[in-house]
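Fold and contact review
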Amino acid sequence: MTSVRPKKTESATPAKVLRRFRVVFNAVRTQFRQMEKQVGLGGAQVWALGLIRDNPGIGMGGVATHMDIHQSTASNLVKALVQKKLIKMEKAESDRRNVELHILPAGMKILSQASGPLEGVLPVALGNLSAKTLVRLDKDLGELIGLLQADEADEETPLA
């Protein structure tokens, strides 16, 4: 008679957790590389282009808010898209100090070639986690960031 041993629960080790981080970042990097190969733009630019398509007339602040990035980072993304003639900037009628962003046909063509979530696989995956899991993950990552003595200002820099 053979006895079946219960499978040991593998304990978390620094090496195992590091491997899991590699899996996450490689998934993100792979999706961004595929996107860049498909359409010739970086992931953050594709995400911004999609936001502008989905929110005609959105301003710089709106792009920054939706992407959860600093206003200057959003401005740089938008400038690159304007230079590539994928979007246009117009002064807002209601307040000439503000600009409205609109997608151009070339931008629509780019987006028609893009596959997968425009905002990237990580934000989509995080959005599918339970609130309890997100709270735990946020707390644990906060502890890790503290141990790394990392600059939390980097949280406004997109991965793409």
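To keep things clear, this report deals only with the structure shown in the data block.

About the cut-offs
Residues numbered from 1 in each chain as written. Predicted model: local features only at pLDDT ≥ 70, side-chain atom pairs only at ≥ 80, totals over all residues. Heavy atoms only, no water. Patch = residues over 30% accessible without salt bridge, like charges linked within 9 Å, V, L, I, M, F, W, Y side chains within 5 Å. Areas by Shrake-Rupley, 256 points an atom, 1.4 Å probe, with all protein chains shown as cover. Salt bridge = Lys/Arg side-chain N within 4 Å of Asp/Glu carboxyl O. Helix = DSSP H or I, 4+ residues; strand = E, 2+ residues; numbered from the N terminus. Buried < 20%, exposed > 50% of the residue type's maximum accessible area, 1.4 Å probe, protein only. Contact = heavy atoms within 4.5 Å.

1. So, a nonpolar patch on the surface
- Residues Leu126, Leu129, Leu134, Leu137, Leu141, Leu144 and Leu148 make up a contiguous nonpolar surface patch of about 510 Å² in total accessible area.
- When residues in the nonpolar patch are grouped by element, the largest group, 5 residues, is from helix α7 (residues 131-148).
- As for its placement among the helices and strands, Leu134 is situated in helix α7.
- Residue classification places Leu134 among the partly exposed positions, given a relative accessible area of 34%.

2. Some thoughts on the environment of Glu155
- When you line up the elements, Glu155 lands in the segment after α7.
- Considering only alpha carbons, one finds Glu155 and Asp68, 87 residues apart in sequence, at a separation of 8.8 Å.

3. Structural notes on the environment of Leu137
- Mapped onto the fold, Leu137 is located in helix α7.
- It is 9.9 Å that separates the C-alpha atoms of Leu137 and Leu126, two residues lying 11 residues apart in sequence.
- For Leu137, the residues in contact, after removing those within four places along its chain, are Leu126 and Leu129.

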